[in-house]
Amino acid sequence: MIPPEYDFRSETLGILDLLELDTTEGPARFIANNDARFVDINGKEWVGSKLISVSEVDFSINGTAPGVEVGLSFIQDPEADDLIAQIREMGVGVIQGREARFYIQYFEQFEEFYKPVFAPQLLTTRTMQNITYSFDGPQVRRVSLIIEGPFSLRAKPVGGRYNTADHSRRCGYANPSLEYMPTSGWDEQSLFGL
């Protein structure tokens, strides 16, 4: 929800797309599609690059659950350490199953970029799933972070089962009596002795 104090009729209006990754090495904060360094009202530093991109959100069609891809494209400096090798050495466990938080930073005046008035506003929290790499020629590299999309539950069966896990997922609380619900429609005991 957008706070009521945001004035979208302001003469100067700006918004930054922010992404915070909760890794095992600590939080990593990025600005998408902007070359910048920004310190928010809480003193947290966000670093941006036009090389960082976030894919469009695809809708769920025919039971698919498309994810969101955050990518970094760069040219590997032959004199510098290989970034892809460093990420591979850390492994996918650094991000897998951890949270990615999407924020917006709102500005009414251009000067607020250097002295912000508003805190970043959390839009959504998603789960990181995987890291992929692509190579184009001898130096161009791309690292992509795959994050679950907003329709992730669409890939699960609609009906589900009458068990405590599905009940918790739908309602937010467990129903312990469903622990004894049969999981098979086959009855091994004969009916009326037949």
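I will try to describe carefully the structure that is included in this document. Just so we're clear, the structure is a prediction, and the values are computed from it rather than from any experiment.

### Here's the deal with the overall build of the protein chain
Helix and strand content of the protein chain: two helices and nine strands. Going residue by residue from the N terminus, the α and β elements of the protein chain occur as β-β-β-β-β-β-α-β-β-β-α. Here the protein chain, with 194 residues, has 30% of them falling under the buried criterion. The contacts in the protein chain between residues at least 6 apart in sequence include a share of 54% that link residues at least 24 apart. When the accessible surface of the protein chain is summed, it comes to about 13,300 Å², and 54% of that surface belongs to carbon and sulfur atoms.

### Section: unusual backbone geometry
Of note in this structure, N33 is not a glycine but carries a positive phi near 65°. Topologically, N33 is positioned in the loop between β2 (26–32) and β3 (36–39).

### Some points on the sheet that holds strand β7 (residues 99–107)
Strand-to-strand pairing in sheets goes through backbone hydrogen bonds, with the strands running parallel or antiparallel. A sheet is described by the order of its strands in space; here nine strands give the open sequence β3-β4-β2-β1-β7-β8-β9-β6-β5, paired in mixed fashion. Of all strands in the sheet, those bounded by a partner on one side alone are β3 and β5 (52–54). Across this sheet, the average inter-strand angle for adjacent strands is 30°, counted without regard to direction. In this structure, β3 lies alongside strand β4 (residues 45–49), joined through four bridges in antiparallel fashion. For A36, the partnering residue across the bridge sits in β4 and is G48.

### A word on the packing of aromatic side chains
This structure, assessed with the given rule, holds nine aromatic pairs. Judged by centre distance (4.1 Å) and plane angle (15°), the ring pair of Y6 and Y106 falls under stacked. One end of the pair, Y6, is in the segment before β1 (14–23); the other, Y106, is in strand β7, and 100 residues separate them in sequence. On the basis of relative accessible area, Y6 is assigned to the buried category, the value being 8%. A residue is classified by how much of its surface remains accessible, and Y106, at 0% relative accessible area, is buried.

### A word on the side chain of E148
Counting through the fold element by element, E148 comes out in the loop between β9 (140–147) and α2 (164–171). If we ignore the near neighbours within four places in the chain, the residues touching E148 are G67, V68, R126, T127 and Q129.

### With respect to the pattern of salt bridges
Within this structure, the stated rule accounts for eight salt bridges. One salt bridge in this structure joins E45 and R37, with 2.7 Å as the shortest N-O distance.

### Observations regarding the nonpolar core
Ranked by size, the top nonpolar core spans 16 residues in total, and within it M128, L145 and I147 carry the most contacts. Elements with a minimum of two residues in this core: β1, β6 (68–75), α1 (83–90), β7, β8 (121–136) and β9. By residue number, the principal contributor to this core is β9, which donates three residues. With residues near it in sequence (within four places) discarded, L145 still touches L21, V68, E69, V70, I95, M128, N130 and I131. Listed in part, the nine residues of the second largest apolar core include L16, L18, I31 and A36.

Calculation notes
Residues numbered from 1 in each chain as written. Predicted model: local features only at pLDDT ≥ 70, side-chain atom pairs only at ≥ 80, totals over all residues. Heavy atoms only, no water. Helix = DSSP H or I, 4+ residues; strand = E, 2+ residues; numbered from the N terminus. Buried < 20%, exposed > 50% of the residue type's maximum accessible area, 1.4 Å probe, protein only. Contact = heavy atoms within 4.5 Å. Areas by Shrake-Rupley, 256 points an atom, 1.4 Å probe, with all protein chains shown as cover. Pairing = 2+ DSSP bridges. Axes fitted to C-alpha atoms, helices over the stretch in contact; angles between N-to-C directions. Phe/Tyr/Trp six-rings, centres within 6.5 Å; stacked < 30°, edge-to-face > 60°. Salt bridge = Lys/Arg side-chain N within 4 Å of Asp/Glu carboxyl O. Core = buried A, V, L, I, M, F, W, Y, C linked by side-chain atoms within 4.5 Å.

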